[in-house]
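# Survey of secondary and tertiary structure
Each chain, letter by letter, is given below.
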Amino acid sequence: MKRRGVLAGMAALFAGGCSKVAATGPGASLLEAVEGWNRSIHNLLGRRTALAREFSPEDISPEFRGNGTTDPADAAYRHHVDTGFQFWKLTVTGLVENPLSLSLADIRAMPQRTQITRHDCVEGWSAIGQWTGTPLAHLLKQARLKPEARFIVFHCADKLAGSAYYESIDLIDAFHPQTIVAHTLNGVPLPVKNGAPLRMRIERQLGYKHAKYVQKIEAVSSLANIGKGKGGYWEDQARYQWYAGI
Ligand SMILES: Nc1nc2c(c(=O)[nH]1)N[C@H]1C(S)=C(S)[C@@H](COP(=O)(O)O)O[C@H]1N2
Ligand SMILES: [Mo]
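Residues numbered from 1 in each chain as written. Chains lettered and ligands numbered in written order. Predicted model: local features only at pLDDT ≥ 70, side-chain atom pairs only at ≥ 80, totals over all residues. Heavy atoms only, no water.

### A few points about the overall build of the chain
Helices and strands together make up the secondary structure of the chain, namely seven helices and 10 strands. Put simply, the chain has 246 residues, and 47% of those count as buried. Within the chain, contacts between residues at least 6 apart in sequence are counted, and of these 69% link residues at least 24 apart. For the chain, the computed accessible surface area is about 11,900 Å², with 54% contributed by carbon and sulfur atoms. (Helix = DSSP H or I, 4+ residues; strand = E, 2+ residues; numbered from the N terminus. Buried < 20%, exposed > 50% of the residue type's maximum accessible area, 1.4 Å probe, protein only. Contact = heavy atoms within 4.5 Å. Areas by Shrake-Rupley, 256 points an atom, 1.4 Å probe, with all protein chains shown as cover.)

Next comes the structure, spelled out in structure tokens:
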């Protein structure tokens, strides 16, 4: 599954690289072109799958501020706050063989990963926090992606200026070991301001990719029909880059 995920991601990356090979003049040997091609692919994959830096407990910021939505107004969400999120469900759906509907208890009973990382917001602030959650790779393996799946979309419970917040990533980031569905920040359940009860950590990308208040994880073949088609709330509104790698 992991290999297929990476391969599908590679296919997406290669699409952009074809012009390079086509541009190789008739004088250059095919072998040379293929060698260069392989090397650049390996370099690229190396960069994409490398781990983000992890920090020590003493580096943790005294306060992890909330940004964007910090208190969703949606009535259904308010009800979940009032009932301690005991009825919250995370669904994993779309292009999967085995759709999932998971409670927080289900998620906490799955394999867990804890990581201390730095969050970088494009608005000009950073914070270091310790996050615990289930690797997204584990959920996707249980749900069994169909071969057509190329992107993973995170649907959130909040709206900004009337539009639902959402985000999406490719399969390389989806299967990255530090990509987790987090329920715990600095040893305590996620505060509402930081995305309770579940938020994404996608450690190789900028802050706006880390969807908070995640309710539905959807595998899709194209982002064209979601939101305004740019792959995320901020990508749709403000032309933020879809690939926000750091
Ligand atoms: N659902 C949702 N997710 C979101 C946002 C938001 O407004 N709504 N803001 C994003 C931005 S721009 C950043 S920097 C981080 C902020 O996470 P924090 O509130 O834990 O600091 O969440 C991201 N995820
Ligand atoms: Mo941000």
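### Considerations on the site of ligand 1
Taken together, 22 residues surround ligand 1, and among them Arg65, Asn67, Thr69, Asp158 and Lys212 come closest. Between ligand 1 and Asp158 there is a distance of 2.7 Å, counted from a nitrogen atom to a side-chain nitrogen or oxygen. Relative to its free-state accessible area of 530 Å², ligand 1 is covered by the protein chains to the extent of 99%. The cavity that encloses ligand 1 is the largest pocket. Put simply, the parts of the chain that give the shell around ligand 1 at least two residues each are strand S3 (113-121) and strand S5 (151-160). No other element matches S5, which puts three residues into the shell around ligand 1. Classifying every residue of the shell around ligand 1 gives nine nonpolar, eight polar and five charged. (Near = heavy atom within 4 Å. Polar contact = N/O pair within 3.5 Å; in protein donor to acceptor, adjacent residues only side chain to side chain. 1 Å grid on protein atoms, 1.4 Å probe; cavity = no way out; pocket = protein on both sides within 12 Å on 5 of 7 lines; lining within 4 Å. Sits in = over half its atoms within 2 Å of the grid points. Nonpolar A, V, L, I, M, F, W, Y, C, P; charged D, E, K, R; others polar.)

### Points about the sheet that holds S5
The strands making up a sheet associate through backbone hydrogen bonding, with each pair oriented either parallel or antiparallel. Overall, mixed pairing links the five strands, which are arranged S2-S1-S10-S5-S6 in an open sheet. Each end of this open sheet is capped by a strand with a single partner; those strands are strand S2 (100-102) and strand S6 (163-170). Neighbour-to-neighbour, the strand axes of this sheet turn through a mean angle of 20°, independent of strand direction. Both S5 and S6 contribute to a ladder of seven bridges, which runs antiparallel. Across the sheet, residue Phe151 finds its bridge partner in S6, namely Asp170. (Pairing = 2+ DSSP bridges. Axes fitted to C-alpha atoms, helices over the stretch in contact; angles between N-to-C directions.)

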